[in-house]
Amino acid sequence: LYREGKFVEMDEKKEVYHLEEAAIGGHPFARHDLGCREAENGNYERTTRHLIIAASLGHEPSIEMLKANYTKGNVSKADFAAALRAHQAAIDATKSPQREAAEKWEKQQK
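Residues numbered from 1 in each chain as written. Predicted model: local features only at pLDDT ≥ 70, side-chain atom pairs only at ≥ 80, totals over all residues. Heavy atoms only, no water.

**Some thoughts on the overall build of the protein**
The line we're drawing: Strands are runs of DSSP state E lasting at least 2 residues, helices are runs of H or I lasting at least 4, and numbering of each runs from the N terminus. Our radius of gyration is a C-alpha quantity, and the globule rule it is checked against amounts to 2.2 Å times the number of residues to the power 0.38. Only protein chains enter the accessibility calculation, which uses a 1.4 Å probe. A residue is then buried if its area is under 20% of the maximum for its type, exposed if over 50%, and partly exposed in between. Contacts: residue pairs with any heavy atoms within 4.5 Å of one another. Using the Shrake-Rupley algorithm and a 1.4 Å probe, accessible areas are obtained, with residue cover drawn only from the displayed protein chains. The positive count covers Lys and Arg only, the negative count covers Asp and Glu only, and His and the chain ends enter neither. By convention, the charge on Lys lies at NZ, on Arg at CZ, on Asp at CG and on Glu at CD.
Across its full length, the protein holds 6 helices and 0 strands. In sequence order, the protein lays out its α and β elements as α-α-α-α-α-α. For 110 residues, the compact-globule estimate of 2.2 N^0.38 gives 13 Å, and the C-alpha radius of gyration of the protein, at 17 Å, exceeds that figure by more than 25%. When the 110 residues of the protein are sorted by exposure, 26% land in the buried category. For the protein, the proportion of contacts with a sequence separation of at least 24, taken over those separated by at least 6, is 34%. If you sum the accessible surface of the protein, you get close to 7800 Å²; carbon and sulfur atoms cover 53% of it. Distance between charge centroids for the protein: 5 Å, based on 17 positive and 18 negative side chains.

Here it is, written out as structure tokens:
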């Protein structure tokens, strides 16, 4: 809301505050957005840390951004490998027979 000024005045400080609060609370999208902000500011070390945390929560766009930064040389091989393992563990932790049945049912409805 604060970034775009929808329903409230644009306020960068409030935007960052709420992103930080959400990230601390475990929200992977907020963590990813903080990483993007750090990248815009040229702080790739902090970008990497935010993206690794978001990826370890199963956030796919964060692992993709880490991959892009790895190919550019902004992320170490060890960090990227650890992020991939953590991301896969998060994905595996969400798998269940009930979820797979629900996904199958949803596909049949289309």
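**Describing the packing of helix H4 (residues 60-72) against helix H5 (residues 77-93)**
Convention followed: Think of each axis as a best-fit line through the C-alpha atoms, taken over the contacting stretch in the case of a helix, with angles from 0 to 180 degrees between the N-to-C directions. By definition in this entry, angles of less than 35 degrees are roughly parallel, angles greater than 145 are roughly antiparallel, angles of 65 to 115 are roughly perpendicular, and the rest are oblique. Definitions for this section: a left-handed crossing has its near helix turned counterclockwise from the far helix by less than a right angle. A right-handed crossing has that turn clockwise. Each residue receives one of three labels: charged for Asp, Glu, Lys and Arg, nonpolar for Ala, Val, Leu, Ile, Met, Phe, Trp, Tyr, Cys and Pro, and polar for the others, Gly being one of them.
At their nearest, the axes of H4 and H5 sit 10 Å apart, and the two run at 160° to each other. In terms of axis orientation, H4 runs roughly antiparallel to H5. For the pair H4 and H5, the crossing hand works out as left-handed. Contacts between H4 and H5 involve Glu60, Ile63, Leu66, Lys67 and Tyr70 from the former and Lys77, Phe80, Ala83, Leu84 and His87 from the latter. Across the contact of H4 with H5, the residue classes break down as 6 nonpolar, 1 polar and 3 charged.

**Description of the confidence of the model for the protein**
Note the threshold: Confidence of the predictor at the level of single residues is given by pLDDT, which spans 0 to 100.
In the predicted model, the protein carries a mean pLDDT of 91, and the fraction of residues at 70 or more is 94%. In the model of the protein, helix H1 (residues 12-24) stands out as the element of lowest mean pLDDT, 90, in contrast to H5, which has the highest, 96.

**What to know about the side chain of Arg37**
Heads up, the rule is: Polar contact is the term for a pair of N or O atoms within 3.5 Å; when the atoms are in protein, one must be able to donate a hydrogen and the other to accept it, and sequence-neighboring residues count only if both atoms are side-chain atoms.
Here Arg37 lies in helix H2 (residues 28-40). Relative accessible area serves as the criterion here: at 17%, Arg37 is assigned to the buried category. Polar side-chain contacts of Arg37 include one of 3.4 Å to the side chain of Glu12. When residues no more than four places from it in sequence are discounted, the contact partners of Arg37 are Glu12, Glu15, Val16 and Leu19.

**Digging into H2**
How we decide: Here the expected length of a helix is defined as 1.5 Å per residue gap, with one fewer gap than residues.
Taking 1.5 Å per residue as the helical rise, H2 with its 13 residues ought to reach 18 Å, and the 18 Å between its terminal C-alpha atoms agrees with that figure. Buried residues of H2: Pro28, Ala30, Arg31, His32, Leu34, Gly35, Arg37, Glu38 and Ala39, and no others. Residues of H2 that are buried make contact with H1, helix H3 (44-56) and H4.

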